[in-house]
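Coordinate inspection notes
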Amino acid sequence: MRIRRFVFILLALLLFTVSAAIAQDVTSPVVSSVTVSPVMAAPGDLVHVIAEVTDDTAVTGVTADSVPLTFTEVNKWEGDIRSIVFRQ
């Protein structure tokens with residue numbers, strides 16, 4: 001079984017990685033929505049992320065900024081990440 005990784009950059013530089021474990025999967029997973037709460041946070045604060053991710057075969061894992069999200073219900077993955085510190 002071969003694991004394919006797809007990377008999506010979403011919402012103010014949140015980096016999402018979606019893994020699908022299928023031998024001949026040629027269709028990329030789709031991140032159809034991302035919700036963050038709170039919408040505004042101080043640098044370094046925890047932000048709760050909910051992502052809706054689908055694939056024509058299977059989604060075996062989702063990460064946000066290298067933090068693994070937890071499968072909570074059909075097509076939904078969620079977890080807490082630290083807000084990004086921007087430097088000029």
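Summary of the structure given here. All figures in this text were calculated on a predicted structure; none of them were measured in a lab.

Thoughts on the sheet that holds strand β8 (residues 76–82)
Spatially, four strands are ordered β3-β4-β8-β7 in an open sheet, and the strand pairing comes out antiparallel. Sheet topology places β3 (30–37) and β7 (70–73) at the edges, where each strand pairs with a single neighbour. Shown here is a sheet whose adjacent strand axes are inclined to one another by a mean of 30°, direction ignored. The pairing of β7 with β8 spans three bridges and is antiparallel.

Some details on the nonpolar core
Ranked by size, the top nonpolar core spans eleven residues in total: V31, V36, V47, V49, A51, V53, V62, A64, L69, W77 and I81. Elements that contribute at least two residues to this core include exactly β3, β4 (46–54), β5 (61–64) and β8. Once residues lying within four places of it in the same chain are set aside, the contact partners of V47 are V36, S37, P38, A41, G79, D80, I81 and S83.

Rules of the game
Residues numbered from 1 in each chain as written. Predicted model: local features only at pLDDT ≥ 70, side-chain atom pairs only at ≥ 80, totals over all residues. Heavy atoms only, no water. Pairing = 2+ DSSP bridges. Helix = DSSP H or I, 4+ residues; strand = E, 2+ residues; numbered from the N terminus. Axes fitted to C-alpha atoms, helices over the stretch in contact; angles between N-to-C directions. Core = buried A, V, L, I, M, F, W, Y, C linked by side-chain atoms within 4.5 Å. Buried < 20%, exposed > 50% of the residue type's maximum accessible area, 1.4 Å probe, protein only. Contact = heavy atoms within 4.5 Å.

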